[in-house]
Amino acid sequence: MRSLFLAAVLVLSGCAGMDKAQCVNANWYAIGLEDGARGASVERLGAHRRACAEFNVSPDAERYVAGRREGLKSFCTYERGYSVGRAGSAYSGACPPELGGNFLAGYNRGRELHGLNRRLDQVNADIRKTKAGLSEPGVSPRTRAQLAERLEGLSREAEYLEQQVAQAQARR
């Protein structure tokens, strides 16, 4: 959720910096190309339109869309999908159907790896807490036995998750 918020802030702030000269002299094909290469949705054109409206400049929508379509070819790849998914980022649905399959295949693989790594991080944190509990002075024998059993289970889970991560990375 945090990464989605940050992405939205970055996307919206990118337009806020367009001054009159940039709006007047804009190469709308190149702007569309850059937005497409970043996976920006077509609604990004609306943000450009609003930014330039104060200067009475309208973007060339046809050129922008043509550039964005071309830029999406570099974004909507298996590798980019994998990278976005592995980072835990949300997919905006920017890829057209003819390009979306490869992106989504990579995205789903990356999300799988992201989820495994998150779970492994949680298990490792639980292992550290359990070890700390075992080293506490005055722990009753019964509690110590429960913590030792929990540690054993967590260690098995961590080992299993490490194997799953290795397999997921090999399937990349």
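Worth saying up front: this structure is predicted, and the values here are computed from it rather than measured.

Draft legend 1. Region of interest: the side chain of Thr 130. Summarising the element assignment, Thr 130 is placed in helix α7 (residues 97–134). Beyond its immediate sequence surroundings of up to four residues, Thr 130 is in contact with Leu 147, Arg 150, Leu 151 and Leu 154.

Draft legend 2. Spotlight on the confidence of the model for the protein. Mean pLDDT over the protein stands at 89; residues scoring 70 or higher make up 90%. Considering only residues more than four positions removed or in separate chains, one finds that residues 1–16, a stretch of pLDDT under 50, has nine contacts.

Draft legend 3. Representation of the environment of Arg 128 in the model. Positionally, Arg 128 belongs in helix α7. Residue Arg 128 is classed as exposed on the basis of its relative accessible area of 55%. Along the primary structure Arg 128 and Phe 103 are separated by 25 residues, whereas in three dimensions their C-alpha atoms are 37 Å apart.

Draft legend 4. Structural detail: the packing of aromatic side chains. Counting across every chain of the model gives four aromatic pairs. Seen in terms of ring centroids, Phe 103 and Tyr 107 are 6.1 Å apart; in terms of plane orientation they differ by 10°. Their pairing is stacked. Of this pair, Phe 103 and Tyr 107 both sit in helix α7, four residues apart, which is roughly one turn of that helix. For Phe 103, a relative accessible area of 0% corresponds to the buried category. Among the aromatic residues, those joined into a cluster by ring pairs are Phe 75, Tyr 91, Phe 103 and Tyr 107.

Draft legend 5. View of the nonpolar core. Core analysis: the largest hydrophobic core is formed by 15 residues, its most contacted members being Leu 113, Leu 116, Val 123, Ile 127, Ala 158 and Leu 161. Residue assignment for this core shows that the elements contributing at least two residues are α7 and α8 (141–171). When residues in this core are grouped by element, the largest group, seven residues, is from α8. Every residue in contact with Val 123, bar those within four places of it in the chain, is listed here: Leu 154, Glu 157, Ala 158 and Leu 161.

Draft legend 6. The side chain of Asp 35, seen in detail. Among the structural elements, Asp 35 can be located in helix α3 (residues 28–37). Polar contacts involving the side chain of Asp 35 include one to the side chain of Arg 38, which spans 2.5 Å. Looking at Asp 35, its side chain comes within polar contact range of the side chain of Tyr 64, at 2.7 Å. Asp 35 has contacts with Ala 40, Arg 44, His 48 and Tyr 64, leaving out every residue within four places of it along the chain.

So, how was this worked out
- Residues numbered from 1 in each chain as written.
- Predicted model: local features only at pLDDT ≥ 70, side-chain atom pairs only at ≥ 80, totals over all residues.
- Heavy atoms only, no water.
- Helix = DSSP H or I, 4+ residues; strand = E, 2+ residues; numbered from the N terminus.
- Contact = heavy atoms within 4.5 Å.
- pLDDT = per-residue confidence, 0-100.
- Buried < 20%, exposed > 50% of the residue type's maximum accessible area, 1.4 Å probe, protein only.
- Phe/Tyr/Trp six-rings, centres within 6.5 Å; stacked < 30°, edge-to-face > 60°.
- Core = buried A, V, L, I, M, F, W, Y, C linked by side-chain atoms within 4.5 Å.
- Polar contact = N/O pair within 3.5 Å; in protein donor to acceptor, adjacent residues only side chain to side chain.

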